[in-house]
Amino acid sequence: MCGIVGYIGEKPAASVLLDTLSRLEYRGYDSAGIATLYQGQIHAGKDAGSLMEVVAKQHLDMLPGNIGIGHTRWATHGGISAANAHPHMDCDNEIAVVHNGIIENYEILRQRLKGTHRFLSQTDSEVIPHLLDEYVHTGLSLEQALQKVVKELEGSYAILAISSREPDKIVGARRESPLIIGISPEGNYLASDALAFHGITDRVILIEEGECVVVTRVGVSIYNESGEKVKRAPIKTDWYHGELSKGLYDYFMLKEIHEQPAAIRRAVCQETAEVMAIAAEIRRVKHVVFTACGTSRHAALIGRYVFSKVAGIFGEVVMASEFEYFIESVDSQTLVLAISQSGETADVLDGVRRAKVKGAKIISLVNTVDSSLARLSDRVLYMKSGPEVGVAATKTFTAQLTLLYLLAFALADKYEEGKNQLTSVTAKIEESLVADADETNDLALKLKNQHDFYFIARGINFAVAAEGALKLKEVAYVHAEGMPAGELKHGTLALIDRGTPVVAICPHDYTFDEILPNIAETAARGAYVIGVSDKFESLFNEWIRIPPVPELFYPLVTIIPLQLFAYHSAVFRALDPDKPRNLAKSVTVK
Ligand code: M6R
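Residues numbered from 1 in each chain as written. Predicted model: local features only at pLDDT ≥ 70, side-chain atom pairs only at ≥ 80, totals over all residues. Heavy atoms only, no water.

(A) Helix α9 (residues 294-311), seen in detail. Here α9 is 18 residues long and its end C-alpha atoms lie 25 Å apart, about the 26 Å a rise of 1.5 Å per residue gives. Among the residues of α9, those classed as buried are Thr295, Ser296, Arg297, His298, Ala299, Ala300, Leu301, Ile302, Gly303, Val306, Phe307 and Val310. (Helix = DSSP H or I, 4+ residues; strand = E, 2+ residues; numbered from the N terminus. Expected span 1.5 Å × (residues − 1). Buried < 20%, exposed > 50% of the residue type's maximum accessible area, 1.4 Å probe, protein only.)

Written out as structure tokens, the structure reads:
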């Protein structure tokens, strides 16, 4: 994962780097650091901790110069420590490098360099400045050296480097990790995600797979894998709807939960022709395979039910990290529907690349415009959720569901009906967010000392149980399991004891009568039952009331109180729900 940034221009580099990095902290917050160039010397500071903590400890804002690079880390190779924080340097402190990705052959490279180079970290990334140094000492320029170095690297990377010998440029390269250039009259920027440029510039240049770049104050040069110069004009982006501040909310997660009605309304506004074209592709193939990770996979699980119920189309959901093990069954009669908020999740990209090789059609549902997944796909529908800063996915989950409903209704030739239904359900969500006020807050307070939760549901609601459990684990660090209610008796029931919280997602739909016996089985063993429903049932110890909606759409309304419950549970445990430990929003490693 990790986020990288670079700047060269008229402004003080340190403040620009810290500002842009602060918008990339969703990519990791284990450690941070920057390096600037001033009067022929590299000035660097780095440490373990979040960006704000490192700034306070290392006074990063004081580093001089108008050119520099920065990094925020999610640890993979090497623990969370100051030594493993980026930037990394060559032995003479003449070259500084930041890297996002994984250098798979770093052990071999390190062994080769060890005799003549001093390593200070346990990271894979540190081989890069030493390799650059080797080539620069043969007389090559920094960009020529980088072009040589990337040929030796196996794995994924977005790299930025500066050198005190060539103080007027930043060089960069990417493969399987994103890197984007931002253009402005006050200087030029580089970053892992254009979100870094929010409020600075909307003119960007996308760097393609395998390319190297040289960015100066006044221009940009791009080279393809063969070293030939490539011409590419900047494009204008208005990718990000919405504010990047918390506004009146204490945390982004709460703000984003409340943004859901607006996010659903934006997701509903799709080009009809594009939705129809995708529906036609889906009808044409024999096999539909949804693939995604985490929350996006939960959306896929619901999508599978919706496709079946509305359009009679059977689809399989394959966890993206397991996709490669089914690749033998993929062919040109397969359509892969890949779902990803970031469009950068390595497991998803890997599955999609493999499926493409086998001739499959790739359709993706993505939030980040022009992300790697979007660019790999034959067709894309964008969620249009705007930036989701909280690591826990909330508004993008309901936006993903919205797109899946739209597709299902388009497949059934009932597109307009689907849109109308979504619009009226959105109004109900809006009302329920207002009505909730203290309900989930009070419940979270009451259950604040509980350590194990079981979320159960049936049919289309099962994935809501899984998602409710994931939210609670992720932000409140509480053990939670989400499962089909019918499975309880096959083992998990052994864990239900007096007072164990069981959250039953049981809207008054086709699953209601069937889940009641399962709830009763837990109640009989002393479970504390929290019913999420529009219909009261005497088995409930607590009732989280939801508005009645057409039964297909219950997942859009039942998930809201579960997100809020997880949020309040985190806050009552004095945790920051926006930055859960050990996690990052964009998981760009396999
Ligand atoms: O960007 P993606 O949708 O591909 O991310 C997939 C998962 O990493 C993500 O949904 C993760 O599970 C969330 N943090 C859960 O809230």
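Okay, back to it.
(B) Region of interest: the packing of aromatic side chains. Counted according to the given criterion, the structure contains 9 aromatic pairs. Chaining the aromatic ring pairs together yields one cluster made of Tyr7, Tyr189 and Phe197. Over the face of the ring belonging to tyrosine 305 we find arginine 304, whose NZ or CZ atom lies 6.0 Å from the ring centre. Sitting over the face of the ring of tyrosine 510, lysine 309 holds its NZ or CZ atom 4.2 Å from the ring centroid. (Phe/Tyr/Trp six-rings, centres within 6.5 Å; stacked < 30°, edge-to-face > 60°. Lys NZ or Arg CZ within 6 Å of the ring centre and 35° of its normal.)

(C) Here's a closer look at the site of the ligand. Contacts to the ligand come from 15 residues, most closely from Ser296, Ser340, Ser342, Thr345 and Glu474. At 2.6 Å from an oxygen atom of the ligand is found a side-chain nitrogen or oxygen belonging to serine 340. Relative to its free-state accessible area of 410 Å², the ligand is covered by the protein chains to the extent of 91%. Where the shell around the ligand is concerned, the elements lending two or more residues are α9 and α15 (462-476). Of the residues in the shell around the ligand, the class split is 6 nonpolar, 7 polar and 2 charged. (Near = heavy atom within 4 Å. Polar contact = N/O pair within 3.5 Å; in protein donor to acceptor, adjacent residues only side chain to side chain. Areas by Shrake-Rupley, 256 points an atom, 1.4 Å probe, with all protein chains shown as cover. Nonpolar A, V, L, I, M, F, W, Y, C, P; charged D, E, K, R; others polar.)

(D) Quick look at the side chain of asparagine 84. Mapped onto the secondary structure, asparagine 84 falls in the loop between β4 (67-73) and β5 (88-89). Discounting residues that sit within four places of it in the chain, asparagine 84 has contacts with Arg73, Gly78, Gly79, Ser121, Gln122 and Thr123. (Contact = heavy atoms within 4.5 Å.)

(E) Main features of the domain arrangement of the protein chain. You can read the domains of the protein chain as domain 1 (3-236) and domain 2 (252-572). Its C-alpha centre places domain 1 at a distance of 37 Å from the equivalent point of domain 2. On the side of domain 2, 8 residues touch domain 1, which itself brings 10 residues to the contact. Between domain 1 and domain 2 lies a buried interface of about 790 Å² when both sides are counted; carbon and sulfur atoms form 53% of it. Taken together, domain 1 and domain 2 are joined by 1 salt bridge. The partner of glutamate 208 in a salt bridge is arginine 375, with the nearest N and O atoms 3.0 Å apart. Where domain 1 packs against domain 2, one counts 1 residue pair in polar contact (both at pLDDT 80 or more). A class-by-class count of the residues in the side of domain 1 that touches domain 2 yields 7 nonpolar, no polar and 3 charged. (Domains from an automatic or database assignment. Buried area = accessible area lost by both parts, 1.4 Å probe. Salt bridge = Lys/Arg side-chain N within 4 Å of Asp/Glu carboxyl O.)

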